[in-house]
Amino acid sequence: MGVTELGKLIPDSIRKTVDFAQLSNKIIALDAYNALYQFLASIRQPDGTLLMDSRGRVTSHLSGLLYRTINLLENRIWPIYVFDGKPPEEKTLEIVRRRRVREEAMDKWAKLLEEGKKEEARKYAQRALFLTDDMVNDAKKLLSLMGLPVVQAAADGEAQAALIAKENKAWAAGSQDYDSLLFGAPRLVRNLTITGRRKLPNKDEYIEVKPEILELNDVLKALKLRDRTQLIDLAILLGTDLNPDGIPGIGPQKALKLIQEFGSLEKLIQGPLKNVQFSMDPLKIRDYFLNPPYNPNYTIEFRQPNEKGIIELLVYEHDFNEDRVKNALERLRKAMSRRRESTLDSFFG
DNA sequence: CTACCATA
DNA sequence: TATGGTAGG
């Protein structure tokens, strides 16, 4: 999702790879849906089946959330999870399109499973991602019980996270997507995982993956763009959630050249793109990225975890193994008790 | 994705 | 102690 094409234009030279230690004492506003979808894509059995409790309710996302978050906290990285609100009306088309893609993937998955083609089935299972209200509510509940701030976005979680970072309430926005840069996050952290090793899709090869920091200013400079508006205009040519297809026949290099030469969408619409049909008024899309819905009513508070509540939720309600959870709680308690000493320097660096 | 255990 | 394979729910 998001503006994946934009990534192809961002050179490695401005991607600062770091260790977890270098993110120590930083607050990061994480796109919760982005994380949850990642967990749903990867925490599966070899045939693609998700982890579920005895009542058939999905738990993969809770497992991922629990362990990854504890790893962050043990490295004194302080996450704020930002959840999507109501999607803007303009996104309806894209939501419908994604539902269709998911349903097709589901069918394909079931078919391949019947044929006994496990590995191939898994690929389609990973595209058949869906988050139900129950799953989202469980995730929010778990995070709250862990003592972590949960922020409800007005609409786009990425937008809310970007603005939290822009206001210096967080040091960076965290997501795999690049949208938060369009929404004005001064800094984006990607690959916020612990493992370091990641399997290459469709191959039995592994590559090293480290957290990666991108500065908005570096991106603008590297692409020779004047300001964020030009970056947004570029993204619109490539395709965003509001115009998923971008402009047929215009790839990353050509789009960049057009923005550099003509300076703005307005000029392009009057000039070389005169006859292009946009699925939605591109200037409206731009305005959405410049002025997204935002919820100013949120608090950022880190508290000691409610251990009984977590056991109630994970062990009694969702059939997690009690020893494993208690082990995790031990780590969580220690990590959270170190919060006070690093409160004051969190906004700087 | 990550924890955990088997193996060297 | 480090790595690889696999279960987790």
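- The name given to chain A in an unreviewed UniProt entry is Flap endonuclease 1, and the organism recorded there is Vulcanisaeta souniana JCM 11219.
- Taken directly from UniProt, the Subunit (unreviewed entry) text for chain A runs: "Interacts with PCNA. PCNA stimulates the nuclease activity without altering cleavage specificity."
- Per its UniProt entry, chain A bears the Sequence similarities (unreviewed entry) comment "Belongs to the XPG/RAD2 endonuclease family. FEN1 subfamily."

### Topic: the packing of helix H2 (residues 32-42) against helix H3 (residues 60-74)
- Closest axis-to-axis distance for the H2/H3 pair is 8 Å, and the angle between their directions is 115 degrees. When the axes of H2 and H3 are compared, the crossing they make is right-handed. Together, Ala35, Leu36, Gln38, Phe39 and Leu40 of H2 and Ser60, His61, Gly64, Leu65 and Arg68 of H3 make up the contact between the two elements.
- Per-class residue counts for the contact of H2 with H3 are five nonpolar, four polar and one charged.

### Side note on the domain arrangement of chain A
- Partitioning chain A into structural domains gives domain 1 (1-222) and domain 2 (224-290).
- For domain 1 and domain 2, the distance between their C-alpha centroids amounts to 26 Å.
- A combined buried area of about 2000 Å² lies between domain 1 and domain 2, and 68% of that area is made up of carbon and sulfur atoms.
- Area buried by domain 1 at its contact with domain 2 is led by Leu9, Leu182 and Leu220, which between them contribute 33% of it.
- On the surface where domain 1 and domain 2 come into contact, there are two salt bridges.
- As a salt-bridge pair, aspartate 241 and lysine 91 come within 3.5 Å of each other at their nearest N and O atoms.
- Across the domain 1-domain 2 interface, the total number found is eight residue pairs in polar contact (both at pLDDT 80 or more).
- Looking at the side of domain 1 that touches domain 2, the elements with two or more residues in it are helix H1 (4-7), helix H4 (92-114), helix H8 (179-182) and helix H9 (216-222).
- Looking at the side of domain 1 that touches domain 2 element by element, the count peaks at five residues for H9.
- A class-by-class count of the residues in the side of domain 1 that touches domain 2 yields 13 nonpolar, two polar and eleven charged.

### Here we look at the nonpolar core
- Counting residues in each nonpolar core, the largest one holds 105 residues, and the members touching the most others are Leu231 and Leu234.
- Viewed by domain, this core spans two of them, domain 1 (1-222) and domain 2 (224-290), each represented by three or more residues.
- Leaving out residues up to four positions away in the same chain, leucine 231 has contacts with Leu6, Leu182, Leu216, Val219, Leu220, Leu223 and Leu225.
- Formed by five residues, the second largest nonpolar core is a distinct cluster that contains Trp109, Leu112, Tyr124 and Ala125.

### Looking at the protein's contact with DNA strand C
- In the vicinity of DNA strand C there are 13 residues, among which Gln45, Leu50, Met52, Thr59 and His318 approach most closely.
- Per the 4 Å cut-off to the protein, sugar and phosphate atoms form 48% of the nearby atoms of DNA strand C.
- Between DNA strand C and methionine 52 there is a distance of 2.9 Å, counted from a base nitrogen to a backbone nitrogen or oxygen.
- Taking asparagine 321, its main chain carries an N or O atom lying 3.2 Å from a phosphate oxygen of DNA strand C.

### Section: the UniProt feature "binding site: Mg(2+) 2" (unreviewed entry) in chain A
- Feature annotation in UniProt assigns "binding site: Mg(2+) 2" (unreviewed entry) to the following positions: Asp177, Asp179 and Asp241. A stretch of 65 residues holds the annotated residues, and the largest C-alpha distance among them is 11.5 Å, short enough that they meet in one place.
- Topologically, aspartate 179 is positioned in helix H8.
- Residue aspartate 179 is classed as buried on the basis of its relative accessible area of 5%.
- When residues no more than four places from it in sequence are discounted, the contact partners of aspartate 179 are Gly2, Val3, Glu158 and Phe289.
- The topology assignment puts aspartate 241 in the loop between helix H10 (228-238) and helix H11 (252-262).
- By relative accessible area, aspartate 241 is classed as buried at 13%.
- From its side chain, aspartate 241 meets the backbone nitrogen of glycine 2 in a polar contact 3.2 Å long.

### Details of the pattern of salt bridges
- Tallying each qualifying case throughout the model produces 25 salt bridges.
- Lysine 169 is paired through a salt bridge with glutamate 167; the nearest N and O atoms lie 4.0 Å apart.
- Overall, the relative accessible area of 39% leaves glutamate 167 in the partly exposed class.
- Between glutamate 215 and arginine 187 there is a salt bridge, with its nearest N and O atoms 3.3 Å apart. With glutamate 215 in strand E9 (residues 212-215) and arginine 187 in strand E6 (residues 187-190), the pair connects residues that are 28 residues apart, well separated along the chain. Here glutamate 215 matches arginine 187 in class, with each residue buried.
- Linked through salt bridges whose partners overlap, the residues forming this network are Lys91, Glu94, Arg97, Arg98, Asp156 and Asp241.

### A look at the packing of aromatic side chains
- Throughout the structure, instances matching the rule amount to seven aromatic pairs.
- When the centroid spacing of 5.9 Å and the interplanar angle of 75 degrees are considered together, the rings of tyrosine 288 and phenylalanine 289 count as edge-to-face.
- A relative accessible area of 7% means that tyrosine 288 is categorised as buried.
- An aromatic cluster is built from Tyr33, Tyr37 and Phe83, whose rings are joined through pairwise contacts.
- The aromatic ring of phenylalanine 83 is capped on one face by lysine 140, whose charged end is 5.4 Å from the ring centroid.
- Stacked on the ring of phenylalanine 302, the Lys or Arg arginine 339 has its end atom at 4.4 Å from the ring centre.

Analysis parameters
Sequence order sets the numbering: in each chain, residues are counted from 1 along the sequence as written. Note on labels: chains are lettered from A, ligands numbered from 1, in written order. Local features in a predicted model are, by the rule used here, given only for residues with pLDDT of at least 70; side-chain atom pairs are given and counted only at 80 or more, and totals for whole chains, interfaces and linings are based on all residues. Water and hydrogen atoms play no part in the side-chain values, which are based on all heavy atoms of the structure. UniProt positions are given in the numbering used here, feature names are shortened, and annotations may be inferred rather than shown by experiment. To obtain an axis, a line is fitted to C-alpha atoms, over the contacting stretch when the element is a helix, and the angle between two such axes runs from 0 to 180 degrees between their N-to-C directions. Here a strand is any run of E in DSSP of at least two residues, a helix any run of H or I of at least four, and the numbering for each starts at the N terminus. Less than a right angle of anticlockwise turn of the near helix away from the far helix marks a crossing as left-handed, whereas a clockwise turn marks it as right-handed. Between two residues, a contact is recorded if the distance between any of their heavy atoms is within 4.5 Å. Polarity classes work like this: nonpolar for Ala, Val, Leu, Ile, Met, Phe, Trp, Tyr, Cys and Pro, charged for Asp, Glu, Lys and Arg, and polar for all others, with Gly in that last group. For the domains described, the bounds stem from an automatic or database domain assignment. Once two parts are brought into contact, the accessible area they lose, counted with a 1.4 Å probe and summed over both, makes up the buried area. The term salt bridge refers to a pairing of a side-chain nitrogen on Lys or Arg with a carboxyl oxygen on Asp or Glu at a separation within 4 Å. As used in this structure description, the phrase polar contact means that two N or O atoms lie within 3.5 Å; if the pair is within protein, one of them must be able to donate a hydrogen and the other to accept it, and residues adjacent in sequence are counted only when both atoms belong to side chains. Take the buried residues of types Ala, Val, Leu, Ile, Met, Phe, Trp, Tyr and Cys, join any two whose side-chain atoms come within 4.5 Å, and each joined set is a nonpolar core. Relative accessibility under 20% of the residue-type maximum defines a buried residue, over 50% an exposed one, and the middle range a partly exposed one, all with a 1.4 Å probe and only protein chains included. Think of it this way: one heavy atom of a residue within 4 Å of a molecule or strand is enough to make that residue near it. Two rings from Phe, Tyr or Trp (for Trp, the six-membered ring) form a pair when their centres are within 6.5 Å of each other. A pair whose planes differ by under 30 degrees is stacked, one over 60 is edge-to-face, and the rest are tilted. A positively charged side chain is recorded as over a ring if its NZ (Lys) or CZ (Arg) lies within 6 Å of the ring centre. The angle to the ring normal must also be within 35 degrees.

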